[in-house]
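Read off the chains here:
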Amino acid sequence: MKHFMIGASALALLAACGADDEPKDKAGAAVEKSLKSGKFEEIELPKLKFKAKDYGQTAEVLAALKLDGEANELISFADTSSADGGAVFNNVEIKPQNEDGPALIAKAMTFDGLNMTDAGPSFDRLVLSELSMVDEEEGVNLSIGDVSIVEPNEAASAFFASLIRGEEPEDVAPFSEWAFDRLSLSNLSLAAAPKDEEGAISASIGELAIGSLVDSVAGQTLFSDLKIDFDIPDSGDFPIKGSMKLDSLSMSNLQAAFLETFAEAGSDPDKLAQLNSALMGSYTSPIDQGFDQSVMKGLSLDLSGLSFSMPKAATKVVRNKDGIATGLVSPKTVFKLSADAEAGELGAQLAQGLAMLDYTDLEFGIEAKASYDPETKETRYTDYVIDMKDGFSLSFNGGMLNLLDVMKQASSSDNPETSMAAFGDLKLSDMEISLEDKSLLDRGFKVAAQMQGMEASQLKSMASGILAMGTMQASQSGVDMELVNQTVNALTSFIEDSGTLTIKLDPDAPLSMADLENPESMTVEALGFSAETK
């Protein structure tokens, strides 16, 4: 699936991936062993052990919730009954606070285990079943099978109690103090085809459930059976029609603290812009994903003739006794991009591009392994490989120091200069990048040559000539000519004969960004540099 942070994380990935065949440190070796022995287990919600209780406080709690017949500005109902410490309300109408949003109807609202706590009225379980909108706009339909929360603690109960009373929650406990056994939504369906507008969209979700929330960590998070269909005739240059499906997404120990920051941000664009910083601030290491394990199955997208499919993606994070992410592994994930020229404009455009390169579709694979040593602050990426079938294989190996500090500093500032300055603390331990050509180079030169009206061999000779000219210019810049010659010779050989291009940096001591910017320090010996094509 994530890795799945784009900014600083992507830069770090390109600059610092991998290690040698064996980890360079004992911490890395321990993580490597843990990752190899680790298994991806099916993430399931634990079986609820809930049993309805009668605390003998039903009437008192209902009065405190303003559900005993007194005025409640939010909730009204047709009739109610209570027994065994619980209560059922039928044909319930739930109005939006501050008239912001549609009113909802629930066939039933059921409470179990009504009780009073030091924080106020509480319950052991609340279920809203068969929900829909009161005044649906013509062409718009919404329905939800049920929404439920089970065994909320006092902090969570106080929040929901305020909402039920129709009041703005005051003195809300921090999300870190919330806990519950289960929060779930099932069978959501939305269809929109407004009468006065062209186009239609429909969406459905089988289940969204969060289990075992404690200390801002959700033990299990499950999302299943997502389906979206859309038809938008007037979308700009051409109509858009298609569908998206996701069979399931499951995560274990999801770090959910950022949700409080998200809630506080509301619709404030300045606060929303700070969410990336808040998320990054919660990470324990550069390879932290915000969860311990994630498995996605059955993702597909069909969009006006363009098709994308990813059968499965998984990521596993290993943590030390302090909860710091010290290891990460993502087994090979395969995804395919294909085109149907007759199914839509996007398909026609992609099919044309693929045909030029003599492809009918594109199939990619990506896999990764990484480790982090909290004591040395070194991040190592190993066996990070991106490949394209009948195209290329690109692998990264290497290590960096202080990456977490740099990522946090860079994400905490809106000033580009400040963000870039943060990279001054970054140090490169070593790096190896290998690019294996599996026919993409020849395909690309063939297309480019046809566009220039020449043979591919001629274009390759021109490219080699440009590299040779660059060698002469580099000789005047003070850069080590041995380094330049190795690089140019390797690139020339790669262009003319294909093969695998490998560039390595293995200095005796970690290199800072300042070292890499100083031409005098850019020597083969100082960098531990080598470049070759085989």
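What you see is a predicted model, and the numbers here were worked out from it, not measured in a lab.

Considerations on unusual backbone geometry
A positive phi angle, near 50°, is found at Asn187, a position not held by glycine. On the secondary structure map, Asn187 appears in strand β9 (residues 179-192). Judged by relative accessible area, which is 51%, Asn187 ranks as exposed. Residues other than glycine seldom take positive phi values, yet Asp225 does so here, at roughly 55°. Here Asp225 is to be found in strand β11 (residues 217-232).

Structural notes on the confidence of the model for the protein chain
For the protein chain, the average pLDDT comes to 86, and 90% of its residues sit at 70 or higher. Below pLDDT 50 for its whole length, residues 1-25 participates in 72 contacts with residues either more than four positions away or in separate chains.

A short note on the environment of Ala468
Mapping Ala468 onto the fold places it in helix α12 (residues 456-474). Relative accessible area serves as the criterion here: at 39%, Ala468 is assigned to the partly exposed category.

Focus on the nonpolar core
Ranked by size, the top nonpolar core spans 49 residues in total, and within it Leu67, Met109 and Phe111 carry the most contacts. Among the elements that make up this core, the one with the highest residue count is helix α4 (residues 154-164) (five residues). Among all residues touching Leu67, those that are not within four sequence positions of it are Leu62, Asn72, Ile75, Phe77, Phe89, Met109, Phe111 and Ile164. Core analysis: the next-biggest nonpolar cluster, separate from the first, contains 36 residues, Met280, Ala370, Tyr381 and Leu505 among them.

Observations regarding the pattern of salt bridges
What the rule picks out here adds up to 12 salt bridges. One salt bridge connects Asp112 with Arg125, and the closest N-O pair in it is separated by 3.0 Å. A residue pair is termed long-range when its members are at least 10 positions apart, and Asp112 in strand β4 (residues 104-112) and Arg125 in strand β7 (residues 125-133) qualify at 13 residues. Each of Asp288, Asp292 and Arg319 takes part in a single network of salt bridges with overlapping partners.

A word on the packing of α12 against helix α13 (residues 481-497)
Taken N-terminus to C-terminus, the directions of α12 and α13 make an angle of 175°; their axes are 10 Å apart at the nearest point. Judged on the interaxial angle alone, α13 and α12 are roughly antiparallel. Residues Lys460, Ala463, Ser464, Leu467, Thr471 and Ala474 of α12 lie in contact with α13, whose contacting residues are Met481, Val484, Asn485, Val488, Leu491, Thr492, Ile495 and Glu496. The residue inventory of the contact of α12 with α13, partitioned by class, reads eight nonpolar, four polar and two charged.

What counts, and at which threshold
Residue positions are counted from 1 within each chain, in the order its sequence is given. This being a predicted model, a pLDDT of at least 70 is required before a residue's local features are given, and a value of 80 or more before pairs of side-chain atoms are given or counted; all residues contribute to the totals for chains, interfaces and linings. Values reported for side chains reflect all heavy atoms of the structure, with hydrogen atoms and water molecules removed beforehand. Under the scheme used here, helices are H or I runs from DSSP no shorter than 4 residues and strands are E runs no shorter than 2 residues, and both carry numbers assigned from the N terminus. Each residue gets one of three labels from its accessible area relative to the maximum for its type: buried under 20%, exposed over 50%, partly exposed in between, using a 1.4 Å probe on protein chains only. Per-residue confidence from the predictor is given as pLDDT, running between 0 and 100. The criterion used for residue contact is that any of the two residues' heavy atoms lie within 4.5 Å. For this analysis, a nonpolar core means a set of buried residues of the types Ala, Val, Leu, Ile, Met, Phe, Trp, Tyr and Cys, connected via side-chain atoms within 4.5 Å. Each salt bridge in this description consists of a side-chain nitrogen of Lys or Arg and a carboxyl oxygen of Asp or Glu lying within 4 Å of one another. Orientation is described by lines fitted to C-alpha atoms, with helices fitted over the stretch in contact, and by angles between N-to-C directions that extend from 0 to 180 degrees. For this classification, under 35 degrees means roughly parallel, over 145 means roughly antiparallel, 65 to 115 means roughly perpendicular, and everything else is oblique. Each residue is assigned to one class: nonpolar for Ala, Val, Leu, Ile, Met, Phe, Trp, Tyr, Cys and Pro, charged for Asp, Glu, Lys and Arg, and polar for all the others, Gly among them.

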